[in-house]
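# Geometric and topological summary
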Amino acid sequence: MKDQSFPEIRSTCPYCGVGCGVRLRADGNGGLDVRGDPDHPANFGKLCSKGSALGETVGLDGRLLSPRIHGRDASWDEALELVADRFRDTVARHGPDSVAFYVSGQLLTEDYYVANKLMKGYVGSANIDTNSRLCMASSVAGHKRAFGTDTVPGTYEDLEEADLVVLVGSNLAWCHPVLHQRILAAREARGTRLVVIDPRRTASCDGADMHLGLAAGSDAALFNGLLSAIDAAGAIDDDFSAHITGMQDAIAAAALDDDAATGLTRAQLDAFYKLWIGSRRVVTVYSQGVNQSTSGTDKVNAIVNCHLATGRIGLPGTGPFSVTGQPNAMGGREVGGLANTLACHLDLENPDHRAAVHQFWDSPVIADTPGKKAVDMFRAVGDGRIRALWIIHTNPAVTMPDADAVRDAIAGCDFVVVSDITAQTDTARLAHVLLPATAWGEKDGTVTNSDRTISRQRTALPAPGDTRPDWDIIAEIGRRMGHAAAFDYASPAEIFREYAALSGVAGTLGRDFDISGKAELGDSGYKTMAPFRWPFTQGRQGGRFFADGQFYHDGGKGRMIPVRHRAPGSTPTADTPFRLNTGRIRDQWHTMTRTALSPRLSAHLAEPYLEIHPTDAARLHISPADLVHLHSPHGRAILRARLTDAVQPGDVFAPMHWTGETAPAARIDALVAPLTDPVSGQPESKASVVSVARFDPAWYGFAVSSQPLSPDSAYWARARTRTGWRAEMAGATLPQDWENYARGLFDLPQAQAQVMLDARRGRARIAFHHDGKLLAALFAGPEPVALKREFLATLPGTAAPDALTGHPPADRPDPGPLVCSCFNVGLNTILAAIEDQHLMSVEAIGTALEAGANCGSCRPELAGILASALSKEAAE
Ligand SMILES: Nc1nc2c(c(=O)[nH]1)N[C@H]1C(S)=C(S)[C@@H](COP(=O)(O)OP(=O)(O)OC[C@H]3O[C@@H](n4cnc5c(=O)[nH]c(N)nc54)[C@H](O)[C@@H]3O)O[C@H]1N2
Ligand SMILES: Nc1nc2c(c(=O)[nH]1)N[C@H]1C(S)=C(S)[C@@H](COP(=O)(O)OP(=O)(O)OC[C@H]3O[C@@H](n4cnc5c(=O)[nH]c(N)nc54)[C@H](O)[C@@H]3O)O[C@H]1N2
Ligand code: SF4
Ligand SMILES: [Mo]
């Protein structure tokens, strides 16, 4: 029975840009019951695996609860005074550009607004940039070139009203699962066609009509080919053309490109062009496969060009649609939190816009030149031009390209402040001053999702320890730097009102982002504010942009931009013959500081891996479950090989999530080249070049433990389980004494050990018990250890007398690797049910086992398992 004594709070999921509404109820033990908000327009009650597991991630385990200076606990007063002093002093001595803020698309709008105001109006530099530079910058730049402003024209309903949805460089099934489910439901209801354009076959391809596995980075050639085909087919919208400039130039440029650069066959290309041109209602969804590229901005415009040429924009079921990654990537763009934007979609380079903001803030200065974009910012940190750095809500020592160099730059900086919710991140470990922020469930403010819907995040749990909200910490620094009146905020509501009022000024200057209809909102109105889509003014609320042909360039016209295909910035060589693609997995969020707290989210893919094509693997003598060594000119990594034809020969793919805390040899950004798009400054996170070789350790190991364990072997990766921890390991040299080694690994100098050694085959199995319960066990051997890992992970804390056999007793079936995280259903269970109960559909699996019946995130995998099981049965 749920405890009904706590009120149910409406809030928003802190993960992806879908921006699902959640209903939260404190459980009275510091935890939260979480369910989808049936009334929220983004999700209508649905949640994906990450959203459903939020309750498992709000505990205080690992939380940073008080400020720290050089590793010792300090009072807020001391920490804040030090930070304000050092920033003031550095500016006084070395000028405003000697300091910088590096912030995040996960900050709330109110936090972001205050940080941007402090840097641009009071420090007087534009050296504030954000992880959105790694994420949305190419879309922002492409939108501005085409529309004159950074507008996402459409809405989520368009995905349901479209005849054709094209996913370009987007693994929507894993990265925006609830949106993907909305598309699949529409497909069921009205036969929406679905095309996926991705060099890799992903979960999003299951259920798609067409997968175009193009060559890495060749999207502009593809969409230029489409534009040429549109032109040749006479499919240009002549009426809408009156509202567009640059069309002939763009068509002429497109004609110079050869779509053979995509590596696709003529038949594939023609089929796609025909489908696109023949579908009146087309939405082209795009994400990091487009943005994270040295030609990212051009790729965006190549896509937008096709929509402008055909007038497929702003009407129901049409439009280019950049789906945002972080929960408030859009809000950050709206408040102007990038080094080259101002506030409320006003332009830093425009003197009238600067004057308007300057006047509105009544600030001593206003930054008049763009600040350093992320990659340049960390270069300037590295060479001492930036001497004081404040990192808020992001983990750049892991997620920036050339991450080892970034880590070294931060480590070498005179003064580094990090605001986080935990001290255990690669970045936080480098800070001089650590400031403890309140976390998602404790915070209060607003976020904007991918379709311009602004929702409230609300406090459902008390702020633990000395933690303070990010806006409050930043405002306090503003006051202590001498700007008491400008940062005298008592609540997020006050900040929101000021921001809404400033957007009204932007509106009078003809900008799209205007929510001045909310400028008079009282505290209680803010408290109860329902989700709404911007713009929000007396005259205009929500809706779509551009169907009327009114754009934001001078003269009111939209622009088609002539673009040409360019190959990725790095070229494969004999030493580095593979192209390294990177991205996300279904159940982890970025550097895993929150999702890895959840055992069920950690079970889906418990270890970093490299997808490599079987023919490449065979050539390099790499077998399944081998470890592989990767080298690039920038760094190296060790990962587990996964042989799959989902990647093309010559391409490899690795997830971005593992860190110094979870798998130190697998920080993939250490290998990524810091090459950026010339327009947007966004790094090319998806097309570095690397070498791949088998990694031959002296031993492989697997361990389970009820306590955290910190191996020190050449390779290790750890993950949480319901009973504690599990870890994969591999060492370059054999330990002298396995029992001693295991005692050190688990920090169990005294516990009773059960040891099985097979010296001839070099195998060792050691278990530690206390009071009749298993504390920990290590399984090691000269080759990858074959074990029932999911079963072993359930043993710590139980009697487990036979743990060392490594296999479940006959009466306890092994569920196999986790597939459905909501109901904890493993692969073996699913396979057995398919066979025994003759299940023929994903729905039937849901009815039999519940798998896939809640959030739906695993439905593509279920479909894959079913297909291979059925084809195996048919073959037998
Ligand atoms: N589970 C989960 N969901 C998330 C996140 C997370 O960490 N975990 N993070 C959120 C964030 S911040 C973001 S930005 C989004 C990202 O969402 P997505 O962009 O969908 O995710 P990625 O996996 O980074 O990359 C998408 C795809 O781009 C493909 N790709 C690589 N190169 C090319 C290319 O040249 N052309 C094309 N067409 N495709 C290419 C990759 O193979 C990959 O499948 O996800 C959000 N949602
Ligand atoms: N190779 C490769 N690299 C990539 C990408 C890729 O596809 N490939 N994608 C890029 C993209 S799109 C993105 S968005 C970035 C994301 O990269 P990051 O933003 O660096 O990753 P996160 O793990 O989300 O970091 C968020 C940090 O904020 C902390 N935190 C959580 N809640 C709060 C809070 O309320 N307040 C404060 N102050 N801190 C909090 C978390 O503990 C964590 O340390 O990675 C980029 N890097
Ligand atoms: S799709 Fe999942 S991660 Fe994204 S907002 Fe919804 S519940 Fe959260
Ligand atoms: Mo992102």
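Analysis parameters
Residues numbered from 1 in each chain as written. Chains lettered and ligands numbered in written order. Predicted model: local features only at pLDDT ≥ 70, side-chain atom pairs only at ≥ 80, totals over all residues. Heavy atoms only, no water. Helix = DSSP H or I, 4+ residues; strand = E, 2+ residues; numbered from the N terminus. Contact = heavy atoms within 4.5 Å. Areas by Shrake-Rupley, 256 points an atom, 1.4 Å probe, with all protein chains shown as cover. Lys, Arg positive; Asp, Glu negative; His and termini not counted. Charge placed at Lys NZ, Arg CZ, Asp CG, Glu CD. Near = heavy atom within 4 Å. Phe/Tyr/Trp six-rings, centres within 6.5 Å; stacked < 30°, edge-to-face > 60°. Buried < 20%, exposed > 50% of the residue type's maximum accessible area, 1.4 Å probe, protein only. Lys NZ or Arg CZ within 6 Å of the ring centre and 35° of its normal. Core = buried A, V, L, I, M, F, W, Y, C linked by side-chain atoms within 4.5 Å. Domains from an automatic or database assignment. Pairing = 2+ DSSP bridges. Nonpolar A, V, L, I, M, F, W, Y, C, P; charged D, E, K, R; others polar. Salt bridge = Lys/Arg side-chain N within 4 Å of Asp/Glu carboxyl O. Polar contact = N/O pair within 3.5 Å; in protein donor to acceptor, adjacent residues only side chain to side chain. Buried area = accessible area lost by both parts, 1.4 Å probe. UniProt positions renumbered as here; feature names shortened; annotations may be inferred. Axes fitted to C-alpha atoms, helices over the stretch in contact; angles between N-to-C directions. Parallel < 35°, antiparallel > 145°, perpendicular 65-115°, else oblique. Left-handed = near helix turned anticlockwise from the far one by under 90°.

### Describing the overall build of the protein
For the protein, the count of helices and strands is 28 helices and 34 strands. For the protein, the spread of C-alpha atoms along the principal axes amounts to about 80 × 70 × 60 Å. Sequence separation of 24 or more characterises 71% of the internal contacts of the protein that already satisfy a separation of 6 or more. Within the structure as shown, the protein displays about 30400 Å² of accessible surface, and the carbon and sulfur contribution to it stands at 50%. In the protein, the 84 positive side-chain charges and the 101 negative ones have mean positions that sit 1 Å from each other.

### Overview of the site of ligand 3
As a matter of local geometry, ligand 3 sits amid Cys 13, Tyr 15, Cys 16, Gly 19, Cys 20, Leu 47, Cys 48, Lys 50, Gly 51, Pro 177 and Val 178. Listed by contribution, the elements that provide at least two residues to the shell around ligand 3 are α1 (49-52) and α7 (177-190).

### Observations regarding the packing of aromatic side chains
Ring pairs (aromatic) are described by centroid distance and by the angle formed between their planes. Counted under the stated rule, the structure contains 30 aromatic pairs. Relative to Phe 551, the ring of Phe 147 lies with its centre 6.1 Å away and its plane at 20°, an arrangement referred to as stacked. Placement of the pair is Phe 147 in helix α4 (residues 137-147) and Phe 551 in the loop between β19 (532-533) and β20 (558-559), with a sequence separation of 404 residues. For Phe 147, a relative accessible area of 0% corresponds to the buried category. For Phe 551, a relative accessible area of 5% puts it in the buried group. Judged by centre distance (6.2 Å) and plane angle (75°), the ring pair of Phe 240 and Phe 551 falls under edge-to-face. With Phe 240 in helix α9 (residues 238-241) and Phe 551 in the loop between β19 and β20, the pair connects residues that are 311 residues apart, well separated along the chain. On the basis of relative accessibility, which here comes to 7%, the residue Phe 240 falls in the buried class. Here the basic side chain of Arg 642 rests over the ring of Tyr 609, its NZ or CZ set 4.5 Å away from the ring centre. The side chain of Arg 789 reaches across the aromatic face of Phe 702, ending 4.7 Å from its centre.

### Quick look at the nonpolar core
Ranked by size, the top nonpolar core spans 114 residues in total, and within it Phe 87, Ile 197, Phe 223, Phe 272, Leu 308, Trp 390 and Ile 515 carry the most contacts. If you tally residues by element for this core, the top one is helix α3 (residues 109-123), at eight residues. When residues are assigned to domains, this core turns out to be shared by domain 2 (68-129 + 330-529) and domain 3 (136-322), each giving three or more. With sequence-adjacent residues up to four places away left out, Ile 515 is seen in contact with Ile 454, Phe 496, Tyr 499, Ala 500, Ser 503, Phe 532, Trp 534 and Phe 536. Formed by 55 residues, the second largest nonpolar core is a distinct cluster that contains Cys 175, Ile 585, Met 592 and Ala 663.

### Some points on the sheet that holds β19
With antiparallel pairing, the three strands of this open sheet are ordered in space as β17-β18-β19. Both outer strands of the open sheet, β17 (445-448) and β19, are each paired with one neighbouring strand and no more. As defined by bridge partners, strand β18 (residues 453-457) adjoins β19 across two bridges and the pair is classed as antiparallel. Note on β19: the bridge partner recorded for Ile 454 is Phe 532.

### Concerning the site of ligand 2
The environment of ligand 2 is made up of 34 residues, and the closest members are Gln 106, Thr 399, Asp 420, Thr 591 and Asp 669. Alone, ligand 2 offers 920 Å² of accessible surface; in the complex the protein occludes 99% of this. Within the shell around ligand 2, the residues separate by chemical class into nine nonpolar, 18 polar and seven charged. There are two domains that each give the shell around ligand 2 at least three residues, and those are domain 2 (68-129 + 330-529) and domain 4 (578-695).

### Topic: the pattern of salt bridges
Evaluation of the coordinates by the stated rule reveals 63 salt bridges. One salt bridge connects Arg 68 with Asp 73, and the closest N-O pair in it is separated by 3.4 Å. Among the salt bridges present, the one from Lys 117 reaches Glu 498, with a minimum N-O distance of 2.9 Å. Of this pair, Lys 117 sits in helix α3 while Glu 498 is found in helix α20 (residues 492-508), placing the two residues 381 residues apart along the sequence. With a relative accessible area of 3%, Lys 117 lands in the buried category. Overlapping salt bridges, with partners in common, bring together Asp 77, Glu 81, Arg 468, Asp 472, Glu 476, Arg 479 and Arg 480 in one network.

### Details of the side chain of Glu 607
Assignment of secondary structure puts Glu 607 in the loop between α22 (599-604) and β22 (609-612). There is a polar contact of 2.7 Å between the side chain of Glu 607 and the side chain of Arg 640. Not counting the four nearest positions on each side in its chain, Glu 607 is found in contact with Arg 640, Trp 658, Tyr 715, Ala 717 and Glu 728.

### Notes on the domain arrangement of the protein
Taken as a whole, the protein is organised into domain 1 (9-57), domain 2 (68-129 + 330-529), domain 3 (136-322), domain 4 (578-695), domain 5 (699-805) and domain 6 (818-875). Here domain 2 and domain 3 have C-alpha centroids that lie 34 Å from each other. Taken together, the contact pairs 13 residues of domain 2 with 15 residues of domain 3. Summed over both partners, the interface of domain 2 with domain 3 buries about 1100 Å², with 42% contributed by carbon and sulfur atoms. Linking domain 2 to domain 3 there are two salt bridges. Summed over the shared surface of domain 2 and domain 3, the result is 10 residue pairs in polar contact (both at pLDDT 80 or more). Here the side of domain 2 that touches domain 3 is composed, by residue class, of two nonpolar, five polar and six charged.

### Re the UniProt feature "domain: 4Fe-4S Mo/W bis-MGD-type" (unreviewed entry) in the protein
UniProt records the feature "domain: 4Fe-4S Mo/W bis-MGD-type" (unreviewed entry) at residues 6-62, using the numbering of this structure. Annotated as 7% helix and 26% strand, the span residues 6-62 places its first and last C-alpha atoms 25 Å apart.

### Some points on the environment of Gly 21
Mapped onto the secondary structure, Gly 21 falls in strand β2 (residues 21-26). Setting aside its immediate chain neighbours within four residues, Gly 21 contacts Ser 11, Thr 12, Arg 35, Gly 36, Asp 37, His 40, Asn 43 and Leu 47.

### Concerning the packing of helix α8 (residues 219-232) against helix α11 (residues 266-278)
Contact geometry for α8 and α11: axes closest at 10 Å, N-to-C directions at 60°. Taken together, the axes of α8 and α11 lie oblique to each other. You can see that α8 and α11 cross each other, and the crossing is right-handed. Contacts between α8 and α11 involve Leu 222, Phe 223, Gly 225, Leu 226, Ala 229 and Ile 230 from the first element and Leu 269, Phe 272, Tyr 273, Trp 276 and Ile 277 from the second. Along the lines of polarity and charge, the residues of the contact of α8 with α11 split into 10 nonpolar, one polar and no charged.

### A few points about the pairing of strand β24 (residues 636-643)
Where β22 lies against β24, four bridges are found, and the strand directions are parallel. Along β24, the bridge assignment pairs Glu 611 with Arg 642. Here strand β23 (residues 627-631) pairs with β24 via five bridges, running antiparallel. Pairing of Leu 630 across the sheet is with Ala 637, part of β24. Between β23 and β24, which pair antiparallel and follow one another directly, the connecting turn spans four residues.

### Details of helix α19 (residues 470-480)
In terms of residue burial, α19 counts as a mostly covered element, since nine of its 11 residues are buried. Inspection of α19 places Asp 470, Trp 471, Asp 472, Ile 473, Ile 474, Ala 475, Glu 476, Ile 477 and Gly 478 among the buried residues, and these make up the whole buried set. The first or second residue beyond α19 is Gly 482, which carries a positive phi of 105°.

### Let's talk about the side chain of Thr 57
As for its placement among the helices and strands, Thr 57 is situated in the loop between α1 and β4 (68-69). According to the relative accessible area criterion, Thr 57 is buried, its value standing at 11%. Excluding residues within four positions of it along the chain, Thr 57 makes contact with Tyr 15, Arg 594, Thr 595, Leu 597 and Ser 598.

### With respect to the sheet that holds strand β29 (residues 724-731)
Remark on secondary structure: sheet strands pair via backbone hydrogen bonds, oriented parallel or antiparallel. Spatial ordering of the open sheet is given by β28-β29-β27-β32-β31-β30, a layout of six strands whose pairing is antiparallel. The sheet is open, and its two borders are formed by β28 (715-721) and β30 (752-758), each paired with just one other strand. Direction aside, neighbouring strands of the sheet carry axes that sit 10° apart on average.

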